[in-house]
Amino acid sequence: MENETLFNEEAEPPGPTTGLVVVQNETTNFFSLTTNAQHPSLAKSKPERLYFPFKDSPRSRAFRKKYYPDISRIEWFDWRWQFQNAIRNVQALDSIIHLSDNERQAMMHPSGDLPVAITPYYASLISPHDPSSPLRRSVVPVVDECLHTKGEEEDPLGEDADSPVPGIVHRYPDRVLFLVTDICATYCRYCTRSRIFGRQHQCFIDTAKWERALAYIASNPNVRDVLLSGGDPLTLSDDKLEWLLSRLKEIPHVEMIRIGTKAPVVMPQRITPALVSMLKKYHPLWMSIHITHPDELTPEMSAACIRLADAGIPLGSQTVLLSGINDAVSTMTRLVHGLLQIRVRPYYLYQCDPIPGSSHFRTPISKGLEIIQGLRGHTTGYAVPTFVVDAPGGGGKIPLLPEYAIGWDKGDLMMRNYEGNIFRYPDNHAESKDIH
């Protein structure tokens, strides 16, 4: 099947209700379920349309009928089913895509640092025949992951050194990173926190650890911004997530909460009306979504983002620059244009962090600068993310730009625009400088 995205799907144009249907407004405590549970038992007597978070795309329907013929639309659209039935081993994945020898060897290699998990929905987007296709490379391991090169570290960003209590990373003065879980629905092969994921999938929630983290935040009045991350916070049940949000909201100096997630991309079924209704109670709430490639901009993902945006949640994208996946100006242009259509603001373009086994993903720094130069001035400024290197050793995010400022000449700032033309600005209040 050809890849089917928002831009070639024969569906209504994006809008406040694109692809949406009525869904039952109820939640289930996910942590009462086990990863080995059978398919969720859902009442078949009620109209099926009550359960569907979104209209499913033809590609998704065809995939489900071919590989999951006994699974109803109700089960397919239950995020808990998607989560529980993530593909985790070589046999299951090989039944859906034609694994190369390289991929098969990587999945069976004992030194692999990161588990494999791919939701059935996201598996429907992967090319079954081309190992070099972008989404497949993002989630299916290759033996290059076992090759560790100079400069690679388990904790390249020095997060552990900036962790005063378990689960908290406090690097910047007014904000903290709160790692609330070590679980993701789908594991990206280049994940900067691969060190925290165990080889065996587990629903690990440590309430005592959460309490210590909350106490740390409450005792630091300079902290006004809390970013919930992990793992993926949206793998938590609505009840667990609301417990965290409500506790944070009780802290007077916490002005805003952010959630970092990839769920709308790999498990859009998670964005239920019940979840969104709950999140709306905790404004100002922001969400950063990890989006890699325009092939992820499906009708389902679009509908999930539109639902969040309609709830007043500002959405930003975080994209990791990856060699051979999204490191072309044309690819990035399609991605950022598509994001704006579904009201997601391109926020960060990250240089890939040097985790062990990541050399095949990392590009030269010059490639990121080339992409920014190919966007700036050639499209709306809203579409241009900030290119950052998260400095190894705990230096934080450092933004990089192409050389637009050339220097000073007789008090004038010499600047190069997006077309390469040189312009002067009379910088009268600056000390007289000359170009060197």
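Residues numbered from 1 in each chain as written. Predicted model: local features only at pLDDT ≥ 70, side-chain atom pairs only at ≥ 80, totals over all residues. Heavy atoms only, no water.

Novice: I would appreciate a short explanation of the side chain of Arg80 in the present structure.
Specialist: As for its placement among the helices and strands, Arg80 is situated in helix H3 (residues 79-84). Since its relative accessible area comes to 14%, Arg80 is described here as buried. Side chain to side chain, Arg80 and Asp78 meet in a polar contact 2.4 Å long. (Helix = DSSP H or I, 4+ residues; strand = E, 2+ residues; numbered from the N terminus. Buried < 20%, exposed > 50% of the residue type's maximum accessible area, 1.4 Å probe, protein only. Polar contact = N/O pair within 3.5 Å; in protein donor to acceptor, adjacent residues only side chain to side chain.)

Novice: Looking at this structure, how should I read the environment of Arg334?
Specialist: By the secondary structure assignment, Arg334 is in helix H13 (residues 329-341). Judged by its relative accessible area of 46%, Arg334 falls in the partly exposed class. Arg334 has contacts with His293 and Pro294, leaving out every residue within four places of it along the chain. (Contact = heavy atoms within 4.5 Å.)

Novice: What's the story with unusual backbone geometry in this structure? I'm lost.
Specialist: Most peptide bonds adopt trans geometry, and most residues besides glycine take a negative phi value. Backbone torsion omega between Gly230 and Gly231 reads 25°, so that peptide bond is classified as cis. Mapped onto the elements, Gly231 comes out in the loop between strand S3 (225-229) and helix H9 (238-249). Residue Pro284 is reached from His283 by a cis peptide bond, and omega for that bond is 0°. Despite not being glycine, Arg343 shows a phi value in the positive range, around 65°. Here Arg343 is to be found in the loop between H13 and strand S7 (345-351). Judged by relative accessible area, Arg343 falls into the partly exposed class, the value being 39%.

Novice: Explanation requested: the sheet that holds strand S11 (residues 412-416) in the structure shown.
Specialist: Here three strands make up an open sheet; going across it, the order is S10-S11-S12 and the pairing antiparallel. On the outer flanks of this sheet lie strand S10 (405-409) and strand S12 (422-426), each paired with one strand and no other. Across the sheet, the mean angle separating the axes of adjacent strands is 25° when strand polarity is ignored. Alignment of S10 against S11, held across four bridges, turns out to be antiparallel. Bridge pairing links Ala405 to Met415 in S11. (Pairing = 2+ DSSP bridges. Axes fitted to C-alpha atoms, helices over the stretch in contact; angles between N-to-C directions.)

Novice: Can you help me understand the sheet that holds strand S2 (residues 175-179) in this one?
Specialist: Within a sheet, each strand pairs with its neighbour through backbone hydrogen bonds, oriented either parallel or antiparallel. Read across the open sheet, the nine strands follow the order S1-S2-S3-S4-S5-S6-S7-S8-S9; overall the sheet is mixed. Whereas interior strands pair on both sides, the edge strands pair on one side only; in this sheet they are strand S1 (168-172) and strand S9 (396-399). The mean inter-strand angle of the sheet, taken between neighbouring strand axes irrespective of direction, is 25°. As paired elements, strand S4 (residues 256-261) and strand S5 (residues 285-290) share five bridges and run parallel to each other. Residue pairing in the sheet places Ile259 in a bridge with Met287 of S5. Here helix H14 (residues 365-375) sits on the sheet and contacts strand S6 (315-321), S7 and strand S8 (386-391); the angle it forms with S8, its principal contact strand, is near 160°.

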